[in-house]
Amino acid sequence: MRRIGSLALALALAGCGGGSWTKEGVSPEAAAQDLSECRHSAELANRRDSDIDQDILASRGQDWEKYSVIQTKRDEFADSNRVRSGDMVERCMIAKGYRPNG
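Presented here is an overview of the structure given in this document.

Calculation criteria
Residues numbered from 1 in each chain as written. Predicted model: local features only at pLDDT ≥ 70, side-chain atom pairs only at ≥ 80, totals over all residues. Heavy atoms only, no water. Helix = DSSP H or I, 4+ residues; strand = E, 2+ residues; numbered from the N terminus. Buried < 20%, exposed > 50% of the residue type's maximum accessible area, 1.4 Å probe, protein only. Contact = heavy atoms within 4.5 Å. Areas by Shrake-Rupley, 256 points an atom, 1.4 Å probe, with all protein chains shown as cover. Core = buried A, V, L, I, M, F, W, Y, C linked by side-chain atoms within 4.5 Å. Disulfide = S-S within 2.5 Å. Axes fitted to C-alpha atoms, helices over the stretch in contact; angles between N-to-C directions. Parallel < 35°, antiparallel > 145°, perpendicular 65-115°, else oblique. Left-handed = near helix turned anticlockwise from the far one by under 90°. Nonpolar A, V, L, I, M, F, W, Y, C, P; charged D, E, K, R; others polar.

A word on the overall build of the protein. The helix and strand inventory of the protein stands at three helices and two strands. In the protein, the succession of α and β elements from N to C terminus is α-β-α-α-β. The buried share of the protein, taken over its 102 residues, is 30%. Considering only contacts in the protein between residues 6 or more positions apart, those separated by 24 or more positions represent 80%. For the protein, the accessible area works out to roughly 6600 Å², and carbon and sulfur atoms hold 52% of it.

For the rest of this paragraph, the subject is the nonpolar core. One finds Trp-21, Ala-31, Leu-35, Cys-38, Ala-42, Val-89, Met-93 and Tyr-98 forming the largest nonpolar core, which totals eight residues. Looking at this core, the elements with two or more residues in it are helix 2 (28-66) and helix 3 (70-95). Sort the elements by how many residues they give to this core and helix 2 lands first, with four residues. What Trp-21 contacts, discounting residues up to four positions off in sequence, is Ala-31, Leu-35, Glu-90, Met-93, Ile-94, Tyr-98, Arg-99, Pro-100 and Asn-101.

Scanning the model with the defined rule gives one disulfide in all. Put simply, Cys-38 and Cys-92 are joined by a disulfide, and their sulfur atoms are 2.0 Å apart. Here the disulfide of Cys-38 and Cys-92 is left-handed, its torsion about the S-S bond being about -70°. With Cys-38 in helix 2 and Cys-92 in helix 3, this pair connects stretches of sequence that are 54 residues apart. Judged by its relative accessible area of 1%, Cys-38 falls in the buried class.

Here we take up the packing of helix 2 against helix 3. Taken N-terminus to C-terminus, the directions of helix 2 and helix 3 make an angle of 160°; their axes are 8 Å apart at the nearest point. Between helix 2 and helix 3, the angle is such that the two are roughly antiparallel. Remark: the crossing between helix 2 and helix 3 carries right-handed chirality. Per-class residue counts for the contact of helix 2 with helix 3 are 14 nonpolar, five polar and eight charged.

Remember, this is a structural readout, not a statement about activity or role.
In C-alpha cells form, the structure reads like this:
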C-alpha cells in the first residue's frame, strides 16, 4: 500500500512547481537540474505525510466506503500533498536564486 502512496506522491509532484524558472546566467539544462533536485527534496519531505495518509485510508477506508466518501478523502489527501509539494518546490527554487517565469 505504501508503494502506491509513494507513486501517487511522485505523480503529484510531477505537476507541482512546474512552470518555468529563470536565473540570469543559468542554462536551461542547469535550471532543469535544479528543478529536479527541488522536486526530489519535496518528494522526500512529503513521503512521511503521504505514508500516513495511506495508513489512514487503509484503516478508515471501509468506513468511508460505507458512507461513500472514500474518493473525497483520497482527493483531499492528494490535494493537500500537491499544494504542500508545490510550495516546497517554489521555496527551494527561490532559495536557489530563481524567479518564476510568467
